[in-house]
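# Topology and contacts: notes
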Number of protein chains: 2
Amino acid sequence: MARRKKYKFPKTTIERLSYYFRALEDLSKRGIDTVSSEALGGKLNIKSSQIRKDLSYFGDFGKRGMGYDVKYLLKELKYILGLDREWAVVIVGAGHIGAAMANYDSFEKRGFNIAAIFDNDEKKIGKEINGTPILPYDNIDDFVKQNKIEMAIIAVPAAAAQAVADKLVESGVTAILNFAPVAVQLDENVRCLSVDLTTKLEALAYYMSYSQDKLWKIYS
Amino acid sequence: MARRKKYKFPKTTIERLSYYFRALEDLSKRGIDTVSSEALGGKLNIKSSQIRKDLSYFGDFGKRGMGYDVKYLLKELKYILGLDREWAVVIVGAGHIGAAMANYDSFEKRGFNIAAIFDNDEKKIGKEINGTPILPYDNIDDFVKQNKIEMAIIAVPAAAAQAVADKLVESGVTAILNFAPVAVQLDENVRCLSVDLTTKLEALAYYMSYSQDKLWKIYS
DNA sequence: TCACCCATGTGAAAATTTTAACATACGCCG
DNA sequence: CGGCGTATGTTAAAATTTTCACATGGGTGA
Ligand SMILES: NC(=O)c1ccc[n+]([C@@H]2O[C@H](COP(=O)([O-])OP(=O)(O)OC[C@H]3O[C@@H](n4cnc5c(N)ncnc54)[C@H](O)[C@@H]3O)[C@@H](O)[C@H]2O)c1
Ligand SMILES: NC(=O)c1ccc[n+]([C@@H]2O[C@H](COP(=O)([O-])OP(=O)(O)OC[C@H]3O[C@@H](n4cnc5c(N)ncnc54)[C@H](O)[C@@H]3O)[C@@H](O)[C@H]2O)c1
């Protein structure tokens, strides 16, 4: 189990660690070896004190007076975030969102291996998206078990989402990224995050209507 | 300017109002006239006290002992969220994400009218997606001005996102939904929300690695 | 009409998260 | 080798957000 200094920290910290990771990758690519919390924060619109605090939950990664070694911090964050290994993922729903996710090669680069896409539409089964096969939804159970799939992306219509989630969990999946606009009810040992695009647009509509409310982080 | 009792409330309240709205639509469709905060919360995994507090920032919508009238609350939330009008939206980037968004008809139903999609790929220009034309990116300026576009969805590669955002804002757009994995720097009177799918997956990876951390709301 | 039930709206407390401030440590330069 | 500039890690304070607890008022039925 990875290093951790404190046992409690904000939930938002994890999300930010992911942003730090990506920004550091960018710096690394551009040949920058060292970065201060101030400089990193400037890139991300996050206060430097926030960055230092976030990192301090997990260890002492910087050098006083110097800042952080980019490569070293990348390695540590990779470890903390659980990106130092491969994750076997399936997508359920070979529609627009499912296809977008399957086509996004950066996921593979990060270690998320999309093993298969499942759909119940006869016309889609047998085809493939970006090299990943579309398999019959009825076989998902066996596939998940045999391939020790741990993560799933749900990209089916809202009406089907709960049933799909139940089946996935039953088969052994313990983490779900859900695109369906519905609150899926799950056992508490299953991690589930929802991406709700309608809500994002509606929040924008609200803030357009009330222009006196000045707020917003880059992350939501 | 719509009703509001209090001038300060959590940013997360707006996101939840959107969830309430959707859940109420569902109830309404199923012929349910009245709902208690307890029942609504059960549907959404949100505490009833949270719901009552959220609503109380905007008005007194319920009847003691009775709960909330579904249709009436829907009407009020629609008004509060700014969904009682039409919003003219453009999508920039006719790739996978852009296409998914353009194909999602629920946005139109909510009043988000996707007026056009812009791309700089000659092969895509002139085609259409779900009835919406793909236009040359070079014309975006004029189009946004002429059609009084207020909202934009950025679905271009990260490297292009900042330039696209700048151009949009210059042309008059004041709200942006950004899918590019980069923190776009904007004037503070522009509302910008980012959807970061990689971060969601990475957060899941973290929580898989540290299974002792039990947390998660349905929303993130 | 009155008593009782029920679920709201709210004020206060608790919990969480962010921000500020600074003592501490590192490296550089003279 | 010691003083100086700098940016960390941390402690304490401030700000925000959630949860609790209950007084309040509407509806119902006797
Ligand atoms: N496209 C968007 O921009 C967008 C925006 C917001 C929310 N969403 C949500 O994301 C989800 C996916 O959206 P989409 O646009 O990709 O939908 P889509 O209709 O393009 O694709 C859905 C796919 O799921 C398959 N499917 C349906 N029921 C299934 C089942 N029981 N088992 C297996 N496969 C099944 C269908 O055959 C289809 O291929 C939906 O819940 C939608 O509400 C999408
Ligand atoms: N597809 C996914 O699942 C996914 C996941 C996470 C993040 N994203 C991000 O979302 C964004 C879009 O992803 P995508 O998969 O749709 O990409 P894509 O490559 O499918 O589409 C990008 C489109 O933008 C167009 N484009 C490029 N530069 C442009 C410019 N300067 N002006 C106008 N158009 C331009 C391209 O021609 C292309 O049609 C990217 O930033 C990507 O990193 C996508």
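All values reported here derive from a predicted model rather than from experimental measurement.

A few words now on the pairing of strand β9 (residues 175–178) of chain B. Residues and elements named next belong to chain B. Residues A175 and L177 line one face of β9 and the alternating positions I176 and N178 line the opposite face, and both faces are buried. When strand β8 (residues 151–154) meets β9, the two strands line up parallel, connected through four bridges. Counted as the bridge partner of I154 is N178 from β9. Remark: the β8/helix α8 (residues 158–171)/β9 crossover connection has right-handed handedness. Here four bridges tie β9 to strand β10 (residues 191–194), and the two strands are oriented parallel to one another. The partner of I176 across the bridge, within β10, is C192.

Here the focus is the site of ligand 2. The local shell around ligand 2 holds 23 residues, among which A:Y104, B:I97, B:D119, B:K124 and B:V156 are the closest. At ligand 2, the nearby residues belong to more than one chain, namely chains A and B. One nitrogen or oxygen atom from the main chain of A:A100 is found 3.1 Å from an oxygen atom belonging to ligand 2. Within the contact set of ligand 2, an oxygen atom lies 2.7 Å away from a side-chain nitrogen or oxygen of B:K124.

Listed per partner, the contact involves 72 residues of chain B and 73 residues of chain A. Across the interface of chain B and chain A, roughly 7,100 Å² is buried in total on both sides, 63% from carbon and sulfur atoms. Across the contact surface, chain B and chain A share four salt bridges. For A:R110, the salt bridge is made with B:E202, and the minimal N-O distance between the two is 2.2 Å. Where chain B packs against chain A, one counts 22 residue pairs in polar contact (both at pLDDT 80 or more). Breaking the side of chain B that touches chain A down by element, the ones donating at least two residues are α1 (11–29), α2 (37–44), α4 (70–81), α5 (96–103), β9, β10 and α9 (197–209) of chain B. Residues of the side of chain B that touches chain A, tallied by class, amount to 41 nonpolar, 15 polar and 16 charged.

Take the domain arrangement of chain A next. Domain boundaries assigned for chain A yield domain 1 (11–80) and domain 2 (87–199). Once you take the C-alpha centre of each, domain 1 of chain A and domain 2 of chain A turn out to be 31 Å apart.

Take the site of ligand 1 next. Near ligand 1 there are 23 residues, and of these A:I97, A:D119, A:K124, A:V156 and B:Y104 occur at the shortest range. Chains contributing residues near ligand 1 are chains A and B. Here an oxygen atom of ligand 1 and a backbone polar atom of A:I97 are 2.8 Å apart. Put simply, the parts of the chain that give the shell around ligand 1 at least two residues each are α5 (96–103) and α8 (158–171) of chain A together with α5 of chain B. For the shell around ligand 1, the class distribution of residues is 16 nonpolar, four polar and three charged.

What follows covers the confidence of the model for chain A. Mean pLDDT for chain A: 93, with 93% of residues reaching 70 or above. Of the regions scoring below 50 in pLDDT, residues 215–220 of chain A engages in 21 contacts with residues more than four places distant in sequence or in other chains.

Once that is clear, we can look at helix α3 (residues 48–56) of chain A. Listing the buried residues of α3(A) in full gives A:S48, A:I51, A:D54 and A:L55. Taken around the axis of α3(A), the buried residues stretch over an arc of 125°, which confines them to a single face.

Moving on to the relation of the copies chain B and chain A. The relation between the two copies of this chain is a rotation about an axis and a shift parallel to it. Superposition record for chain B on chain A: RMSD 0.0 Å, screw rotation 180°, translation along axis 0.0 Å. Those values place the two copies in the arrangement expected of a two-fold rotation axis. Looking at the interface residues of chain B, 100% of them are also at the interface in chain A, so both copies use one shared face.

All names here are of chain A. Read across the sheet, seven strands follow the order β6-β7-β5-β4-β8-β9-β10 without closing on themselves; strand pairing throughout is mixed. In the strand order of this sheet, the two ends are held by β6 (128–129) and β10 (191–194), each with one partner. As judged from the three bridges shared by strand β5 (residues 112–119) and strand β7 (residues 132–136), these two strands associate in the parallel manner. When the bridges of β7 are listed, D119 appears paired with P136. Lying on the sheet, α8 is in contact with β4 (87–92), β8 (151–154) and β9 (175–178); it crosses β8 at an angle near 170°.

Residue and element names in this part refer to chain A. In this sheet, β7 lies alongside β6 in antiparallel orientation, the contact comprising two bridges. Paired with I129 across the strands is T132, a residue of β7. Hairpin connection of β6 to β7: two residues between the antiparallel strands, including N130 at a positive phi of 55°.

All right, on to the packing of aromatic side chains then. Evaluation of the coordinates by the stated rule reveals 14 aromatic pairs over all chains. Measuring from ring centre to ring centre gives 4.8 Å for A:Y206 and A:Y207, while their planes differ by 90°; the resulting arrangement is edge-to-face. According to the relative accessible area criterion, A:Y207 is buried, its value standing at 1%. The structure contains a cluster of three or more aromatic residues connected by ring pairs, namely A:F9, A:Y57, A:F58, B:Y206 and B:Y207. Stacked on the ring of A:Y137, the Lys or Arg A:K167 has its end atom at 4.7 Å from the ring centre.

About the criteria used
Residues numbered from 1 in each chain as written. Chains lettered and ligands numbered in written order. Predicted model: local features only at pLDDT ≥ 70, side-chain atom pairs only at ≥ 80, totals over all residues. Heavy atoms only, no water. Buried < 20%, exposed > 50% of the residue type's maximum accessible area, 1.4 Å probe, protein only. Helix = DSSP H or I, 4+ residues; strand = E, 2+ residues; numbered from the N terminus. Pairing = 2+ DSSP bridges. Right-handed = clockwise from strand over helix to strand, strands pointing away. Near = heavy atom within 4 Å. Polar contact = N/O pair within 3.5 Å; in protein donor to acceptor, adjacent residues only side chain to side chain. Contact = heavy atoms within 4.5 Å. Buried area = accessible area lost by both parts, 1.4 Å probe. Salt bridge = Lys/Arg side-chain N within 4 Å of Asp/Glu carboxyl O. Nonpolar A, V, L, I, M, F, W, Y, C, P; charged D, E, K, R; others polar. Domains from an automatic or database assignment. pLDDT = per-residue confidence, 0-100. Arc of directions from axis to C-beta. Least-squares fit on C-alpha atoms with pLDDT ≥ 70 in both. Axes fitted to C-alpha atoms, helices over the stretch in contact; angles between N-to-C directions. Phe/Tyr/Trp six-rings, centres within 6.5 Å; stacked < 30°, edge-to-face > 60°. Lys NZ or Arg CZ within 6 Å of the ring centre and 35° of its normal.

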